[in-house]
Amino acid sequence: MLDLLFAGGTLVTGCKDSNIVTNGVIGVSGGKIELIMEAPKHPQDLPQAKEIIRLDSEIIMPGLINTHCHAADSLFRGLVENMSLEDWLQDVWKAEKAMLTPETTLLGSYLGLAENLLAGVTTVVDMFWYPFETAKASIDLGMRLCTGGLFIDFPGVGNRTHDQYLNEASDFCSKYQNSKTIFPAVMPHGTYTVGPEHLQDAKKIADEYKAVFSTHAAETRFEQTDIKERYGRSVIRHLDNLNILDDRAILAHCVHLDDYEKDLLKERNSVIAHNPMSNLKLGSGIAPVLDFLERDINVTVGTDGAISGNDLDMWLSMRLAATLPKGALMKPDIISAKEVIGMVTSNGAKALGKSSDIGSLEVGKQADLIVISTQAIHAAPLFDPITHLVYSTAKSDVKHVFIGGKQCVRDGSILNVNMEDILCEVRKLRDPILKTLE
Ligand SMILES: [Zn+2]
């Protein structure tokens, strides 16, 4: 007997062969998808299951994968506005340094990760100062998380030294190397904040544990000029010269690249985490996504932190990823909605080396799936579920979220953590946070 059965609804499977199953059935056992089929004519012919979730007009799709976030930065949402990245970072770091401890990081992580989860994100790639705390929040919420030791060369939050960062990164990878829900990574902040030798130290740990290496790269023109002046090479050339680029490198932003750098990313099979909302709001520019797609580079999508984009909304990110290239190039047919669904599901899974486990609804994969309501005004009439998901769905349409077959969101509410308690604590931080910039 199956553990769980979804009966009815439209399946958007995300796999290449059968993308849509109208009136479908999904069976789950041991956390994995055991069967996918069309609903039988007679309800009595449904497979037996301990729990049956009957759906009607809802859409079921794979959980979204957010490949660039700083969840705990939700504590500072709206604090620093109308500045370019370089000036903005100075205030952000000042506020973070004054406020962040493991305890406040944990609170912020619940806040940011819960917002992701409610929006249908089942896996988050997160870079932050206290990765063990982010991992705790993710585990408590029932999510999957890719994170790990941060590296930064100046005295940041907690005044840690490079050796301390190294130890923390190794300890994190060691603790979670076999975890099914926490995927270890090393996360140097960027080429302008971490020197070449320290970047290579971080890469060594990533190689030792076959972990993801994620960093900010080529986000602004200023950054490119700065790195060229310091090292005589542009950002992507610099990373490549340090032997850092491979298929486990997830590079956040990549807004300002020349053709050689784009070719290099393809050659090295590196991954792009495209963060359109953050890039627009900070005035960083528009990433050349079409050039990446034409080179068959793996393009994934992130929200960045709520301190830059102000909204951890993968649906908004998805919509911008789909529409910005069309508008910028005045070509409405250059990116399909199906391609964009791939960016937020299967491409993200591939970036994490987890294609066999997550990223699509397929037999044998983890049951990471989300149920989207189509009862809202903006969903009637509904012609094509794929274009509806990319262009019309709101995060508030996410009704249920299951991760590894376990329900984490029911009827739009978090199940595993008392968010009222978290919110109560977070609200107490408002005034002290505001004072940090005085
Ligand atoms: Zn970022």
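What counts and what doesn't
- Residues numbered from 1 in each chain as written.
- Predicted model: local features only at pLDDT ≥ 70, side-chain atom pairs only at ≥ 80, totals over all residues.
- Domains from an automatic or database assignment.
- Helix = DSSP H or I, 4+ residues; strand = E, 2+ residues; numbered from the N terminus.
- Pairing = 2+ DSSP bridges.
- Axes fitted to C-alpha atoms, helices over the stretch in contact; angles between N-to-C directions.
- Contact = placed C-beta atoms within 7 Å.
- Core = buried A, V, L, I, M, F, W, Y, C linked by C-beta atoms within 7 Å.
- Buried ≥ 20, exposed ≤ 12 C-beta atoms within 10 Å, placed from the backbone.
- Parallel < 35°, antiparallel > 145°, perpendicular 65-115°, else oblique.
- Left-handed = near helix turned anticlockwise from the far one by under 90°.
- Nonpolar A, V, L, I, M, F, W, Y, C, P; charged D, E, K, R; others polar.
- Expected span 1.5 Å × (residues − 1).
- Arc of directions from axis to C-beta.
- Right-handed = clockwise from strand over helix to strand, strands pointing away.

Q: Report on the domain arrangement of the protein chain, specifying residues and quantitative values.
A: Split into domains, the protein chain comes out as domain 1 (2-62 + 366-414) and domain 2 (65-351). Domain 1 and domain 2 are separated by 29 Å when their C-alpha centres are compared. Elements with a minimum of two residues in the side of domain 1 that touches domain 2: α14 (385-391), β17 (398-403) and β18 (406-410). With five residues, the top contributor of residues to the side of domain 1 that touches domain 2 is α14.

Q: Give a description of the sheet that holds strand β15 (residues 298-301) that names residues and reports values.
A: The strands that make up a sheet pair up through hydrogen bonds in the backbone, lying either parallel or antiparallel. The parallel open sheet is built from eight strands, whose spatial order is β8-β9-β10-β11-β12-β13-β14-β15. What marks the edges here is a single partner per strand, and that holds for β8 (64-69) and β15. Strand-to-strand twist across the sheet, computed as the mean angle between neighbouring axes with direction ignored, equals 25°. Inspection of the sheet shows strand β9 (residues 121-126) paired to strand β10 (residues 144-151) by three bridges, in the parallel sense. For V124, the partnering residue across the bridge sits in β10 and is L145. Sitting on the sheet, helix α12 (residues 337-344) is in contact with β8 and β15, with an inclination near 75° to β15.

Q: Give a detailed account of the nonpolar core, specifying residues and quantitative values.
A: Within the largest apolar cluster, 127 residues are counted, with the highest numbers of intra-cluster contacts made by L113, L117, V186, V212, I250, L251 and M318. When residues of this core are assigned to their parent elements, the largest contribution, seven residues, is made by helix α2 (residues 102-118). Domain assignment of the residues forming this core places at least three in each of domain 1 (2-62 + 366-414) and domain 2 (65-351). For L113, the residues in contact, after removing those within four places along its chain, are A71, V124, A137, S138, L141 and M143.

Q: Report on the sheet that holds strand β16 (residues 369-372), specifying residues and quantitative values.
A: Here seven strands make up an open sheet; going across it, the order is β3-β2-β7-β16-β17-β18-β19 and the pairing mixed. Both outer strands of the open sheet, β3 (20-21) and β19 (413-414), are each paired with one neighbouring strand and no more. Taken together, the two bridges between strand β2 (residues 10-12) and strand β7 (residues 59-62) define a ladder with parallel strand orientation. Within β7, the residue paired with L11 across the bridge is I60.

Q: Any chance you could break down the packing of α2 against helix α3 (residues 131-141) for me, citing the residues and the numbers?
A: Closest axis-to-axis distance for the α2/α3 pair is 8 Å, and the angle between their directions is 45°. Regarding the angle of α2 to α3, the classification is oblique. In the crossing of α2 with α3, the sense of the turn from one axis to the other is right-handed. Only E133, T134, K136, A137, S138 and L141 of α3 make contact with α2, whose side of the interface consists of P102, T105, L106, S109, Y110, L113, A114 and L117. Residues belonging to the contact of α2 with α3 are distributed by class as follows: eight nonpolar, four polar and two charged.

Q: Tell me what's going on with helix α5 (residues 196-208), and back it up with residues and numbers.
A: An ideal rise of 1.5 Å per residue puts 18 Å on 13 residues; α5 measures up with 18 Å between its terminal C-alpha atoms. For α5, the complete set of buried residues consists of L199, A202, K203, I205 and A206. Viewed end-on, α5 has its buried residues packed into an arc of 155°, placing them on one side of the element. One or two residues past the end of α5 sits K210, with phi positive at roughly 50°.

Q: Tell me about the pairing of β9, and name the residues and values.
A: Buried residues dominate β9, accounting for six of its six residues. Two elements, β8 and β9, share four bridges in a ladder whose sense is parallel. The residue of β9 that forms the bridge with I65 is T123. For the segment spanning β9, α3 and β10, crossover handedness is right-handed.

Q: Quick rundown of helix α6 (residues 221-231)? Include the residues and the values.
A: Among all positions in α6, only E223, Q224 and I227 are buried. The buried residues of α6 occupy an angular sector of 100° when the element is viewed end-on, so they sit on one face. For α6, exposure combined with an orientation more than 90 degrees from the buried face picks out T225 and E229. The inward-facing, buried residues of α6 abut α7 (235-241). Of the residues flanking the end of α6, it is G232, one or two places downstream, whose phi is positive at about 75°.

Q: Can you break down the environment of V289 residue by residue, with the values?
A: Mapping V289 onto the fold places it in helix α10 (residues 289-294). In this structure, the C-alpha to C-alpha distance between V289 and I272, residues 17 residues apart in sequence, is 9.2 Å. Not counting residues within four places of it along the chain, the set of residues in contact with V289 comprises H274, V299, A321 and P325.

Q: Would you mind going over the environment of G24 in detail, with residue names and values included?
A: When you line up the elements, G24 lands in strand β4 (residues 24-29). By C-beta crowding, G24 is classed as buried, having 22 other C-beta atoms within 10 Å. C-alpha of G24 to C-alpha of A7: the two residues are 17 residues apart in sequence and 6.5 Å apart in space. In contact with G24, other than residues within four places in its own chain, are G9, T10, L11, I36, E38 and A39.

Q: Describe unusual backbone geometry, with residues and values.
A: At the junction of A380 and P381, the peptide bond is cis and its omega measures out at -10° in the coordinates. In this fold, P381 is placed in the loop between β16 and α14. A positive phi angle, near 60°, is found at N269, a position not held by glycine. Here N269 falls in the partly exposed class, since 15 other C-beta atoms lie within 10 Å of it. Positive phi is not limited to glycine here, since D411 has a value of about 50°. As for its position among the elements, D411 is in the loop between β18 and β19.

Q: With reference to specific residues and values, describe the packing of α2 against helix α15 (residues 419-428).
A: Remark: α2 packs on α15, axes separated minimally by 10 Å, with the N-to-C direction vectors making an angle of 125°. Judged by the angle between their axes, α2 and α15 are oblique. Crossing of α2 over α15 shows left-handed handedness. Touching L107, Y110, L111 and A114 of α2 are M419, I422, E425 and V426, all from α15. Each residue belonging to the contact of α2 with α15 can be placed in one class, and the counts come to seven nonpolar, no polar and one charged.

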